[in-house]
Amino acid sequence: MPVTKPQAEMLATLAVAARPHGARHWDAPGVMAALANIRHLDLAEVMMAVGRAARDRTLETPAAIGNTAAPCWIERPVERWTPTKTTRSDRCGECNKPRDVCERTARWGDDTHEFRPDYIQPAGSAVDELRDIKHAAMAAKEES
Ligand SMILES: [Zn+2]
């Protein structure tokens, strides 16, 4: 579905409003002029290109919107960040940071702590005892 004039006006308003703080300001007539070049293209594609162009703080003018060879017309993969899981035995009980962060963080003033796990697997716990019993039982089973 090509872009109608009212849709282009909406996109121009949004593009002007979406410019990042500190980036060169665009005016609606400039965006409309760029949109005139590509109004025959699919509305959804144009919407995404306008959004990417408006977000790009290096763009001085909205002219890139009218040029389908411009980077704003290339869909970029979303960079996903996955948090690293920290177990209680990898987290410092003193500063609550992961082991690697705690160990490379500079100490200031009277903070001279060394990494000490938040949780230490107790030795001789009920779990260990059950495991030993299970091992003994399985060994006995294999012998018979
Ligand atoms: Zn620490």
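Everything below is about the structure printed above this text.
Here we summarise the structure given alongside this text. No experiment lies behind these values; they were computed from the predicted model shown. (Residues numbered from 1 in each chain as written. Predicted model: local features only at pLDDT ≥ 70, side-chain atom pairs only at ≥ 80, totals over all residues. Heavy atoms only, no water.)

**Remarks on the overall build of the protein**
Consideration 1: Scanning the protein from terminus to terminus reveals five helices and zero strands.
Consideration 2: Taken from the N to the C terminus, the helices and strands of the protein come in the order α-α-α-α-α.
Consideration 3: Over its C-alpha atoms the protein spans a radius of gyration of 30 Å, topping by over 25% the 15 Å that the globule rule assigns to 144 residues.
Consideration 4: Along the longest, intermediate and shortest principal axes, the C-alpha atoms of the protein span 85 × 55 × 25 Å.
Consideration 5: When each of the 144 residues of the protein is scored for burial, the buried share is 24%.
Consideration 6: Across the protein, every contact between residues at least 6 apart in sequence was considered, and the portion connecting residues at least 24 apart equals 58%. (Helix = DSSP H or I, 4+ residues; strand = E, 2+ residues; numbered from the N terminus. Rg over C-alpha atoms; globule rule 2.2 N^0.38 Å. Buried < 20%, exposed > 50% of the residue type's maximum accessible area, 1.4 Å probe, protein only. Contact = heavy atoms within 4.5 Å.)

**Some remarks on the packing of helix α1 (residues 5–17) against helix α2 (residues 28–37)**
Consideration 1: Look at α1 against α2: their axes get within 9 Å of each other, and the N-to-C directions meet at 130°. By the angle class used here, α1 and α2 are oblique. For the element pair α1 and α2, the recorded crossing hand is right-handed. Of α2, the residues touching α1 (which contributes K5, A8, E9, L11, A12, A15 and V16) are A28, V31, M32 and L35.
Consideration 2: Classifying every residue of the contact of α1 with α2 by side-chain character gives nine nonpolar, no polar and two charged. (Axes fitted to C-alpha atoms, helices over the stretch in contact; angles between N-to-C directions. Parallel < 35°, antiparallel > 145°, perpendicular 65-115°, else oblique. Left-handed = near helix turned anticlockwise from the far one by under 90°. Nonpolar A, V, L, I, M, F, W, Y, C, P; charged D, E, K, R; others polar.)

**Some thoughts on the pattern of salt bridges**
Consideration 1: This structure, assessed with the given rule, holds seven salt bridges.
Consideration 2: One salt bridge connects K5 with E9, and the closest N-O pair in it is separated by 3.3 Å. Here the residue K5 and the residue E9 both occupy positions in helix α1, the gap between them amounting to four residues, near one helical turn.
Consideration 3: Bridged by salt links that share partners, the residues R88, R91 and D118 form one connected network. (Salt bridge = Lys/Arg side-chain N within 4 Å of Asp/Glu carboxyl O.)

**Section: the coordination of the zinc ion**
Consideration 1: Distances from the zinc ion to its protein donors, C92 (SG), C95 (SG), C102 (SG) and H113 (NE2), fall within 2.1 to 2.3 Å.
Consideration 2: Here the zinc ion is ringed by four donor atoms whose angles at the metal span 106 to 114°, and the overall shape comes out tetrahedral.
Consideration 3: One chain supplies every donor to the zinc ion, and in sequence these donors are spaced C-x2-C-x6-C-x10-H. With C92 in the loop between α3 (43–55) and α4 (99–104) and H113 in the loop between α4 and α5 (126–143), the pair connects residues that are 21 residues apart, well separated along the chain. (Donors = N, O, S within 2.8 Å, 3.2 Å for Na, K, Ca; no water. Tetrahedral: all angles 85-135°; square planar, octahedral: opposite > 155°, others 65-115°.)

**Here we look at the side chain of R19**
Consideration 1: Within the secondary structure, R19 is located in the loop between α1 and α2.
Consideration 2: A polar contact is formed between the side chain of R19 and the backbone oxygen of A54, at a distance of 3.1 Å.
Consideration 3: Non-local contacts of R19, meaning those with residues more than four positions away in its chain, are made with R24, W26, A53, A54, D56, R57 and L59. (Polar contact = N/O pair within 3.5 Å; in protein donor to acceptor, adjacent residues only side chain to side chain.)

**Thoughts on the side chain of R52**
Consideration 1: Mapped onto the fold, R52 is located in helix α3.
Consideration 2: Despite its burial, R52 pairs with no opposite charge, the nearest such side chain being E75 at 4.5 Å.
Consideration 3: Excluding its chain neighbours within four sequence positions, the residues that come into contact with R52 are C72, W73, I74, E75 and R76. (Lys, Arg positive; Asp, Glu negative; His and termini not counted.)

Interpretation note: all reported values are geometric properties and have no functional meaning in isolation.
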